[in-house]
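A look at the structure
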Amino acid sequence: MAITYKAALYFDDGDKGHIEIVDKILPECGDDDVIVKNLIAGICGADYLAYAHGDGPSHMLYSGQEFGHEMVSEVIAVGKNVKGIEVGDWVFPNMGYAHRDRGRMATVGGFSEYLYLPKFTLEGRCDIPVVDLQPSAIKLDKSLGLKNLVLMEPFAVGGKAAKQMEGQGTTAVVIGAGIIGMSAALMLKHYGYEKVMIIDFSDFRLENAKSFDLLTCNPKHEDVEQSLKDAFGVRGAYGGMKCGAEVFIDCIGVQGSMDYFNKYAGVGAKLSIVGTHHKPPTINALSVCFNQQHIMGCGSYPYDKSIADTSALVRSGVDLSKLVTHEFSLEDIDKAMATHGDANSAQKVVIVYP
């Protein structure tokens, strides 16, 4: 019998978006395909921004499509030609590779009850362009639990910046205490950084950061310059005495986050930009030149490798699940989106399926 399932569709209304939950028919599983049932899915900042402010295409969200890309799914059907995966396995459907369509990086279908994954492979395919040689899905370790596993995708984003900085120092400043900032900070610690400070305006999120033994600073009621110098010491530099932090990671994507690097980064400091700047930021080019600083994008880190690293972090005893602050059903996805937008009470908001 055909399965009818509920799917949340995103619609772009220009200055905002809206969501419609519709019934869809799940195709029969083909010989080369896999069907999964979603167990839990996280709301990404891109999902929220498209919903609250519109302009979905700039976040790779398009009207009328199923969306959501931070999910943990259970395999319920496997085609006879598919190798290496079994019914009951938990997997992460791999973004634009799950549907063999790179245009669906953000519209995988995490906010749908089921997903149909065509031409499934765990190793990548050789009969499609070389750039598409990633697996359709990545197996997950059930023993880590759903709330740890649902953070694997966002931790891959901040983890890319942290991996890039592995071996580049032992002290770092992360700007932004959302999930991406927390992922960058915790993965830096995992890669051997001794001191990591997070800067954010949300006391709620900074309290979470403290519970992971991270240093914190809230510019609303703390002196940023003094906090940085107290934590990392000072060093002489062009433009005066600067803080001694070796690495800065921008996880917000606004001019204010760049200003911290402009004002406080010293000789040889490195900046990794993770946050998406929709307006061109202003950089102190003289400081970059005379202080021999380095600015880079966060690069690319394959999800199979980043999930392995984040899983190792959890196995080491770091409980990421406490970052999941709210759970909603699919029927309450509008409430979930609104909750995500409140930085003073929410960290990671998820949809949980029965």
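Refer to the structure above for everything that follows.
In short, a report on the structure. (Residues numbered from 1 in each chain as written. Predicted model: local features only at pLDDT ≥ 70, side-chain atom pairs only at ≥ 80, totals over all residues. Heavy atoms only, no water.)

**Details of the overall build of the protein chain**
Tallying secondary structure elements over the protein chain gives eleven helices and 18 strands in all. By the compact-globule yardstick of 20 Å for 354 residues, the protein chain fits well, its C-alpha radius of gyration being 21 Å. Projected onto its principal axes, the C-alpha positions of the protein chain cover 70 × 40 × 35 Å. For the protein chain, contacts bridging at least 24 residues in sequence account for 67% of all contacts bridging at least 6. Approximately 14,700 Å² of the protein chain is accessible, and the part contributed by carbon and sulfur atoms is 53%. For the protein chain, the separation between the mean place of its 32 positive charges and that of its 44 negative charges on side chains is 4 Å. (Helix = DSSP H or I, 4+ residues; strand = E, 2+ residues; numbered from the N terminus. Rg over C-alpha atoms; globule rule 2.2 N^0.38 Å. Contact = heavy atoms within 4.5 Å. Areas by Shrake-Rupley, 256 points an atom, 1.4 Å probe, with all protein chains shown as cover. Lys, Arg positive; Asp, Glu negative; His and termini not counted. Charge placed at Lys NZ, Arg CZ, Asp CG, Glu CD.)

**Here's the deal with the packing of aromatic side chains**
Enumeration according to the criterion identifies seven aromatic pairs in this entry. Ring geometry for tyrosine 238 against phenylalanine 290: centres 4.9 Å apart, planes inclined by 65°, an arrangement best described as edge-to-face. Here phenylalanine 290 lies in helix 9 (residues 285–290) and tyrosine 238 lies in the loop between strand 12 (234–235) and strand 13 (242–243), a separation of 52 residues in the sequence. Tyrosine 238 gets classed as partly exposed once you look at its relative accessible area, which sits at 38%. Positioned over the ring face of phenylalanine 212 is lysine 322, at 4.3 Å from the centre of the ring. (Phe/Tyr/Trp six-rings, centres within 6.5 Å; stacked < 30°, edge-to-face > 60°. Buried < 20%, exposed > 50% of the residue type's maximum accessible area, 1.4 Å probe, protein only. Lys NZ or Arg CZ within 6 Å of the ring centre and 35° of its normal.)

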